[in-house]
Amino acid sequence: MMKKHAFALAVLAGFAGVASAQSSVTVFGVVDVNGRYVKNGDIDQYQLSTDGLNSSRLGFRGVEDLGGGLRAGFWLEAALNPDTGTINSSGKFWHRRTTVSLESNSFGEIRLGRDFVPTYTAIADFDVFGDNGIGKYSNLQFNLGGTVNTLTRGDNQAQYFLPKTLGGVYGSVSLAAGEGNVGDKYVGGRVGYAAGPVNVTLAYSETQANAADDQFKLGVIGASWDFGFLKLAGSASQSKYIGREERIYLIGASAPFGPFVLRASYGMADLSGGTAATRTRDDDDADLFAIGGVYNLSKRTALYTTVSRISNDGVQNRVVASSNIAAPVGGNSTGFELGLRHSF
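Attention in this report is confined to the structure presented alongside it. (Residues numbered from 1 in each chain as written. Predicted model: local features only at pLDDT ≥ 70, side-chain atom pairs only at ≥ 80, totals over all residues. Heavy atoms only, no water.)

### Considerations on the overall build of the protein chain
Scanning the protein chain from terminus to terminus reveals 2 helices and 18 strands. In terms of its C-alpha atoms, the protein chain occupies a principal-axis envelope of roughly 90 × 50 × 40 Å. When contacts within the protein chain are restricted to residue pairs at least 6 apart in sequence, long-range pairs at least 24 apart make up 54% of them. Approximately 16700 Å² of the protein chain is accessible, and the part contributed by carbon and sulfur atoms is 62%. (Helix = DSSP H or I, 4+ residues; strand = E, 2+ residues; numbered from the N terminus. Contact = heavy atoms within 4.5 Å. Areas by Shrake-Rupley, 256 points an atom, 1.4 Å probe, with all protein chains shown as cover.)

Structure, rendered in structure tokens:
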């Protein structure tokens, strides 16, 4: 009898070991802090700021092997402000991502919850500054006066991603339920091809931007080519809303020199179809130039620096970083940052 009990316990322990081996949970994060100088017009300010190289975050992700090539997963990721110890200004603790998913190599992935929208990743993937810091692409992006909460992420999303076994072809479609909130209802998709040194993508979305159900429409084309010693990347996007329009053209390059990477980009925002009150006239344009470097002390730790400048035309008032300095209407915004990033 004792032998039978011992055998049963051994079998149960074996099954428990298999279950444990098939499931995993990972704690991860990024802490990124920098010293920053911002000058808007004739007024300047020194700051201890964050997210110059990567967005600071704390996250938990897990995966469970369900058998037959099927996997379940979850992802909880909070945005942090390590300079003050606070969470993201939105007030949402899990501001960055909160999703649950089912995935297989054959049918792809179904992902539910808050996450990046396809049109954002189609732009950020081709910004050599990764849409972070004072040189980021989104310093030029504008909602054209509509209520648009989906320029970066969307709440209440149901997303489908193509399987990763299609010879370089990738893509996703997303539906975000507005649930009665203007600016949250989103439908969009992305398709692309990445193989070897080449990556190209197309994306399109529509967001309900007012109570009259007028749509904020965004189309994106992005491409990059990695020559090894130099990587070129860029995008062109066009957004439209009730007769107003913004075209953004971005081109950038990054070049590795051992542990050091040099980065530079130029972006132009071309506005049309509005008034001075909406800052969307033909003359209300903006240009962004940024240059910087990253020195990788290890795979997880890096020093970085960036210098950028936005030149505003007409009554445009874009800035390189948020501050309590008045935006320079028709003037320049300049910034410099020097920071340290550690990931775990």
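That shown, we press on.
### A word on the pattern of salt bridges
One pass over the full model with this rule turns up 13 salt bridges. In this structure, Glu 246 engages Arg 318 in a salt bridge whose closest nitrogen and oxygen atoms are separated by 3.2 Å. Residue Glu 246 is located in strand E14 (residues 244–257), and its partner Arg 318 is located in the loop between strand E17 (301–312) and strand E18 (332–343); the two are separated by 72 residues in the primary sequence. Residue class for Glu 246 comes out buried when judged on its relative accessible area of 1%. With relative accessibility at 6%, the residue Arg 318 sits in the buried group. In this structure, Arg 281 and Asp 284 form a salt bridge, with 3.0 Å as the shortest nitrogen-oxygen distance. Take Asp 284: its relative accessible area is 0%, and that puts it in the buried class. Through salt bridges with shared partners, one network takes in Arg 57, Glu 77 and Arg 96. (Salt bridge = Lys/Arg side-chain N within 4 Å of Asp/Glu carboxyl O. Buried < 20%, exposed > 50% of the residue type's maximum accessible area, 1.4 Å probe, protein only.)

### Side note on the nonpolar core
Core analysis: the biggest nonpolar cluster contains 25 residues, and Leu 140, Leu 144, Phe 216, Val 220 and Val 320 have the highest contact counts within it. For this core, the secondary-structure elements that each account for two or more residues are helix H2 (118–124), strand E12 (215–226), E14, strand E15 (260–272) and strand E16 (286–296). At 3 residues, E12 tops the list of elements feeding residues into this core. Setting aside its immediate chain neighbours within four residues, Phe 216 contacts Phe 142, Asn 143, Leu 144, Val 148, Leu 151, Ser 205, Glu 206, Thr 207, Ala 209, Ser 239, Lys 240 and Tyr 241. (Core = buried A, V, L, I, M, F, W, Y, C linked by side-chain atoms within 4.5 Å.)

### Remarks on the packing of aromatic side chains
Going through the model one piece at a time under the given rule, you end up with 7 aromatic pairs. Their ring planes at 75° and their centres at 6.3 Å tell us that Phe 60 and Trp 94 sit as a pair that is edge-to-face. On the criterion of sequence distance, the pair formed by Phe 60 in strand E3 (residues 57–67) and Trp 94 in the loop between strand E5 (86–87) and strand E6 (97–104) is long-range, its members being 34 residues apart. Overall, the relative accessible area of 28% leaves Trp 94 in the partly exposed class. Aromatic side chains Phe 227 and Phe 229 sit 6.2 Å apart centroid to centroid with 40° between the ring planes, which places their arrangement in the tilted category. The exposure class assigned to Phe 229 is exposed, which follows from its relative accessible area of 60%. Taken together, the ring pairs connect Phe 60, Phe 93 and Trp 94 into an aromatic cluster. Between Arg 61 and the ring centre of Phe 28, over which it is positioned, the NZ or CZ distance is 4.3 Å. Its guanidinium or amino end placed over the ring of Trp 75, Arg 61 lies 5.3 Å from that ring's centre, counting from NZ or CZ. (Phe/Tyr/Trp six-rings, centres within 6.5 Å; stacked < 30°, edge-to-face > 60°. Lys NZ or Arg CZ within 6 Å of the ring centre and 35° of its normal.)

### Considering the pairing of E3
Residues in a regular strand point their side chains to alternate faces of the sheet. Summarising the sheet, strand E1 (residues 23–40) and E3 pair through 8 bridges and their orientation is antiparallel. Opposite Ser 24, over in E3, you have Val 63 as the bridge partner. Hairpin geometry of E3 and strand E4 (residues 70–81) is characterised by an intervening segment of 2 residues between the two adjacent antiparallel strands and by a positive phi of about 65° at Gly 68. (Pairing = 2+ DSSP bridges.)

### Topic: unusual backbone geometry
One non-glycine residue with positive phi stands out, namely Asp 131, at about 55°. Note that Asp 131 resides in the loop between H2 and strand E8 (153–161). Positive phi, close to 55°, is recorded for Arg 279, a residue that is not glycine. Among the secondary structure elements, Arg 279 is positioned in the loop between E15 and E16.

### Thoughts on the side chain of Arg 36
Mapped onto the elements, Arg 36 comes out in strand E1. Note on Arg 36: relative accessible area 9%, which makes it buried. At 2.8 Å, the side chain of Arg 36 forms a polar contact with the side chain of Glu 337. Those residues in contact with Arg 36 that sit more than four places away from it in its chain are Gln 45, Tyr 46, Gln 47, Ser 49, Thr 50, Gly 133, Ile 134, Ala 321, Phe 336 and Glu 337. (Polar contact = N/O pair within 3.5 Å; in protein donor to acceptor, adjacent residues only side chain to side chain.)

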